[in-house]
Structures are given as C-alpha cells and as structure tokens.
Amino acid sequence: MLAVIAAVVSYSHMYELALHHGEPEWRAALFPLSVDGMIVGASMTLLSDARHGRKGGLLPWALLIIGSAASLAANVAVADPTMWSRIIHAWPSFALIGAYELLMREFRTVARSVRSADAERTHTEEEAVGGDEEAEFASVEQQERWHLRAVKTGKAAETEPMKGGEKEERVPPQVQRDAWKWALENRQPDGSLPTGEQIAARFGRKERWGRLIKQWGQQGRLALPPVVTPTGAR
C-alpha cells in the first residue's frame, strides 16, 4: 500500500516535469512509467535470480541504482528552490523505492528458503534410495558365506539362527531374483546378457546395482536354494 501511494505521487511529479519541458501529454504520461518501470524490472530480475540460485548480476543492480537516482532527481526537479520543498518532493520517490525493495527482499528470502528446502528434500530422498541399495549390497558377504557353505557341504540349509532364536531365510531378495530373471529373458541377439545399466534402468536402480545383479546371477547366487530331501524320504 505504501509503495502504491508513493508511486501515485511520484508519477504526478514526473508527469508535471515532462509537461513543463515541452513534452505532449501522451508522452508525458509515459515518461514516469519508463523511470519507475526500470526500477520494477531490475527488482524482478533480481528476484528471478534468487529463485534460481543465481547471484544478482551487475546489469540489474546498475539499472536499479540508475532508475532510483533518476526517479529522485525527477521528483526534486519540480520542487521550489527551498530545502523543505525539495525534501517533500523527493520523499515519494524515496518511499516508493524503499517500500518496493523491502517487498522484493521478502520475496527473495522466501525464494531462497524454498530452494534450500527443495535441495534438502532431494538430498534426503537420494540418501534414502542409496540406503536401500546399500542395505542390499551389505548382504553380499552373507550371501558369499551361504554360497561357499553350499559348495563345501553339497547342500544349503533353509534357515540360519539369528539373535533371539529367530530364523532368517537364506534366499536373495525378491527384487534381485526378478532382475536376474528379466536379464535371462531379455538376452541380446548374440545371446549375451543385458548390461548392468540396462538391468538397473528396468528396475529403477543405480547402475552399480545392475552390475552386481549380473555378477551374482552369473555366479549362481540368485537362484533359490535347493530343497533338501531327508534321506529315505519318498
């Protein structure tokens, strides 16, 4: 509201100045818009820079300063040659510039806050996705132990004791088995398996995940453990 009031008074001063120096009415009506419009345009550019994470460039800051100085000078030019008259005529332009810049400053602060929040949320989501994949990768050693034990004993136990007496199934996660199955069903024309990048893209994972799936599958570690039939069972 303060900016609007100051803009109306400043407009009338610059309109009067243009008429006094021989400009026709239609051009005198446009002259104040060209001056204060430069201030608005420069401020909006700085706001856009803040929203996109860029520092305000030299050009918008220079235009903002030049436009502000021109607005003050034009308002003072129509004043009587007394100190108080010049102060009174300069005040609307000063109030317009100050109020508008305070408003733009609030917008720029909000824009930076929103951008920071988006960046933090994106980082958190990436960490969460990465954490899920790392949890799968952390089972590599465990799967390796199962595989070696199966090779040595010629059989694979169905469960392994955990703390508290619970049982842990010795099977790869379903998504890993599905990925390996998809790789087998989508071989290249020459019979080669899809690349790790293709496997990862099919299941929305990182390329490293796809490479490990291909490696584990070729090592036979993504097949379900064989069902051990007790001796003498029919």
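Check the entry above for the structure.
Residues numbered from 1 in each chain as written. Predicted model: local features only at pLDDT ≥ 70, side-chain atom pairs only at ≥ 80, totals over all residues. Heavy atoms only, no water.

Asker: Mind showing me how you'd approach the overall build of the chain here?
Answerer: Along its length, the chain carries 8 helices and 2 strands. When its helices and strands are written in sequence order, the chain yields α-α-α-α-α-β-β-α-α-α. The buried share among the 234 residues of the chain stands at 30%. Partitioning the intrachain contacts of the chain with sequence separation of at least 6 by distance along the chain shows that 54% fall at a separation of at least 24. (Helix = DSSP H or I, 4+ residues; strand = E, 2+ residues; numbered from the N terminus. Buried < 20%, exposed > 50% of the residue type's maximum accessible area, 1.4 Å probe, protein only. Contact = heavy atoms within 4.5 Å.)

Asker: Would you explain the packing of helix α1 (residues 2-20) against helix α2 (residues 25-51) in this entry?
Answerer: Between two packed helices, both the angle of their axes relative to each other and the distance between the axes serve to describe the pair. At their nearest, the axes of α1 and α2 sit 8 Å apart, and the two run at 130° to each other. The orientation of α1 relative to α2 falls into the category oblique. Relative to α2, the crossing made by α1 is right-handed. On the side of α1, the interface is formed by Ser10, Tyr11, Met14, Tyr15, Ala18 and Leu19, while α2 contributes Glu25, Ala28, Ala29, Phe31, Pro32, Leu33, Val35 and Asp36. Here the contact of α1 with α2 is built from residues that sort into 11 nonpolar, 1 polar and 2 charged. (Axes fitted to C-alpha atoms, helices over the stretch in contact; angles between N-to-C directions. Parallel < 35°, antiparallel > 145°, perpendicular 65-115°, else oblique. Left-handed = near helix turned anticlockwise from the far one by under 90°. Nonpolar A, V, L, I, M, F, W, Y, C, P; charged D, E, K, R; others polar.)

Asker: What is the right way to look at the pattern of salt bridges in this model?
Answerer: Should the charged atoms of two oppositely charged side chains come close, the side chains can pair. The tally for this structure, following the rule as stated, stands at 2 salt bridges. For Glu23, the salt bridge goes to Arg27, with nearest N and O atoms at 2.7 Å. Among the residues examined, Arg27 registers a relative accessible area of 41% and is labelled partly exposed. Residues Arg211 and Glu207 are paired through a salt bridge, measuring 3.5 Å at the closest nitrogen-oxygen approach. Of this pair, Arg211 and Glu207 are both found in helix α8 (residues 207-218), 4 residues apart, which corresponds to roughly one turn of the helix. Residue classification places Arg211 among the partly exposed residues on the basis of a relative accessible area of 45%. (Salt bridge = Lys/Arg side-chain N within 4 Å of Asp/Glu carboxyl O.)

Asker: How should I be thinking about the nonpolar core in this particular structure?
Answerer: Across soluble globular proteins, nonpolar side chains have a tendency to be buried as a group. Residues Ala179, Trp180, Trp182, Ala183, Leu193, Ile199, Trp209, Leu212, Ile213, Trp216 and Leu222 constitute the largest nonpolar core, which totals 11 residues. Sorting the residues of this core by element identifies α6 (174-185) and α8 as the ones contributing at least two each. Among residues more than four places away in sequence, those in contact with Ala179 are Ile199, Phe203, Trp209 and Ile213. (Core = buried A, V, L, I, M, F, W, Y, C linked by side-chain atoms within 4.5 Å.)

Asker: When you look at a nonpolar patch on the surface in this model, what are you seeing that I'm missing?
Answerer: Taken together, the side chains of Met1, Val4, Ile5, Val8 and Val9 define a hydrophobic patch exposed on the protein surface, amounting to about 530 Å² of accessible area. Relative to the helices and strands, Ile5 resides in helix α1. (Patch = residues over 30% accessible without salt bridge, like charges linked within 9 Å, V, L, I, M, F, W, Y side chains within 5 Å. Areas by Shrake-Rupley, 256 points an atom, 1.4 Å probe, with all protein chains shown as cover.)

Asker: How should I be thinking about the side chain of Ser93 in this particular structure?
Answerer: By the element assignment, Ser93 lies in helix α4 (residues 83-137). A polar contact of 2.5 Å, which involves the side chain of Ser93, links it to the side chain of Ser71. In this structure Ser93 touches Ser10, Ser68, Ser71, Leu72 and Asn75, once residues within four positions along its chain are discounted. (Polar contact = N/O pair within 3.5 Å; in protein donor to acceptor, adjacent residues only side chain to side chain.)

Asker: Hey, could you run me through α6 in this one?
Answerer: In an α-helix, one full turn covers 3.6 residues, which means residues spaced three or four apart are oriented alike. With 12 residues, α6 should reach 16 Å at 1.5 Å per residue; the first-to-last C-alpha distance of 16 Å fits that figure. Within the sequence span of α6, burial applies to Gln176, Arg177, Ala179, Trp180, Trp182 and Ala183. (Expected span 1.5 Å × (residues − 1).)

Asker: Got a minute to help me understand the packing of α6 against α8 in this structure?
Answerer: Packing of α6 against α8 leaves a shortest axis separation of 10 Å and a crossing angle of 75°. Comparing the axis directions of α6 and α8 gives the class roughly perpendicular. Two secondary-structure elements touch here, α6 through Val175, Gln176, Ala179 and Trp180 and α8 through Trp209, Ile213, Lys214, Trp216, Gly217 and Gln218.

Asker: Just checking my understanding: could you explain helix α3 (residues 58-77) for this structure?
Answerer: The first and last C-alpha atoms of α3 sit 28 Å apart over 20 residues, in line with the 28 Å expected at 1.5 Å per residue. Along α3, the residues classified as buried are Pro60, Leu64, Gly67, Ser68, Ser71, Ala74 and Asn75. All buried residues of α3 fall inside an arc of 135° around its axis, so they share one side. Across α3 from its buried face, at more than 90 degrees, point the exposed residues Leu58, Leu59, Ile65 and Ile66. (Arc of directions from axis to C-beta.)

Taken by themselves, the reported measurements are silent on function.
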